[in-house]
Amino acid sequence: MALRKKKKSRGNVFRDIGFGTEEAASLKIRAALMIKLSEIIKQRKLTQAGAAKLLGVAQPRVSDLVRGKIDLFSIDTLIDMISRAGGAVHVTVRATKKAG
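Residues numbered from 1 in each chain as written. Predicted model: local features only at pLDDT ≥ 70, side-chain atom pairs only at ≥ 80, totals over all residues. Heavy atoms only, no water.

Student: It is not clear to me how the overall build of the protein chain should be interpreted in this structure. Could you clarify?
Tutor: Each helix and strand in the protein chain was counted, giving five helices and zero strands. Helices and strands appear in the protein chain in the N-to-C order α-α-α-α-α. Since a compact globule built from 100 residues should have a radius of gyration of about 13 Å, the 17 Å found for the protein chain marks it as more spread out than a globular shape. Each principal axis of the C-alpha distribution contributes one length, and for the protein chain these read about 45 × 40 × 20 Å. Counting only residues that meet the buried cut, the protein chain has 24% of its 100 residues in that class. (Helix = DSSP H or I, 4+ residues; strand = E, 2+ residues; numbered from the N terminus. Rg over C-alpha atoms; globule rule 2.2 N^0.38 Å. Buried < 20%, exposed > 50% of the residue type's maximum accessible area, 1.4 Å probe, protein only.)

As structure tokens, this is what we get:
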């Protein structure tokens, strides 16, 4: 069996597996927001029905969230849900290397 050569991460797993720069950035943000929402649900020991009520969505939407169905959620939707749960989102923008 041949061993694969290790590659250094670019700092974004989605970029590492082949997504374009912009899509990888969006996926990374959505993943972080989804993880935080899942943590809130777990910390509060909410059922999916209880979480749905708190977040202002239907229970199947919470199921999609905790199952990590990232393609079903926009950044805006996730921020709204965090706000409904009493959370706040802070954004930091920094310059990166020039595209060349």
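Student: Explain the packing of helix α2 (residues 21-43) against helix α5 (residues 75-84) to me, please; I cannot follow it from the model alone.
Tutor: Helix-helix packing: each pair is described by the crossing angle between the helix axes and the interaxial distance. Two elements in contact, α2 and α5, have axes whose closest approach is 10 Å; the angle formed by their N-to-C orientations is 25°. If you check the angle between α2 and α5, you find them roughly parallel. For the crossing formed where α2 meets α5, the hand is left-handed. Residues Ser26, Ile29, Arg30, Leu33, Met34 and Leu37 of α2 pack against Ile75, Leu78, Ile79, Met81 and Ile82 of α5. Of the residues that constitute the contact of α2 with α5, the class distribution is nine nonpolar, one polar and one charged. (Axes fitted to C-alpha atoms, helices over the stretch in contact; angles between N-to-C directions. Parallel < 35°, antiparallel > 145°, perpendicular 65-115°, else oblique. Left-handed = near helix turned anticlockwise from the far one by under 90°. Contact = heavy atoms within 4.5 Å. Nonpolar A, V, L, I, M, F, W, Y, C, P; charged D, E, K, R; others polar.)

Student: Please clarify how the packing of aromatic side chains should be interpreted in this entry.
Tutor: In this description, a pair of aromatic rings is defined by centroid distance and the angle of the planes. As enumerated under the stated definition, the model contains one aromatic pair in all. Aromatic pair phenylalanine 14 and phenylalanine 19: ring centres 6.3 Å apart, planes at 70°, arrangement edge-to-face. Residue phenylalanine 14 is classed as buried on the basis of its relative accessible area, which comes to 18%. Just above the ring of phenylalanine 73 sits the side chain of arginine 61; from NZ or CZ to the centre is 4.1 Å. (Phe/Tyr/Trp six-rings, centres within 6.5 Å; stacked < 30°, edge-to-face > 60°. Lys NZ or Arg CZ within 6 Å of the ring centre and 35° of its normal.)

Student: Is there a simple way to think about a nonpolar patch on the surface in this case?
Tutor: A cluster of nonpolar residues, Val89, Val91 and Val93, forms a patch on the protein surface that exposes about 310 Å² of accessible area. You can see valine 89 is positioned in the segment after α5. According to the relative accessible area criterion, valine 89 is partly exposed, its value standing at 33%. (Patch = residues over 30% accessible without salt bridge, like charges linked within 9 Å, V, L, I, M, F, W, Y side chains within 5 Å. Areas by Shrake-Rupley, 256 points an atom, 1.4 Å probe, with all protein chains shown as cover. Salt bridge = Lys/Arg side-chain N within 4 Å of Asp/Glu carboxyl O.)

Student: Please clarify how helix α4 (residues 59-66) should be interpreted in this entry.
Tutor: Side chains that are three or four residues apart share a direction in an α-helix, a result of its 3.6 residues per turn. Where α4 is concerned, the buried positions are Val62, Ser63, Asp64 and Leu65. Following α4 by one or two positions, glycine 68 has its phi on the positive side, about 75°.

Student: Can you help me understand the confidence of the model for the protein chain in this one?
Tutor: Low pLDDT marks stretches whose predicted atomic positions should not be read closely. Averaged over all residues, the pLDDT of the protein chain equals 89, while 91% of them reach at least 70. When mean pLDDT is taken per element in the protein chain, α5 scores highest with 97 and helix α1 (residues 13-16) scores lowest with 86. (pLDDT = per-residue confidence, 0-100.)

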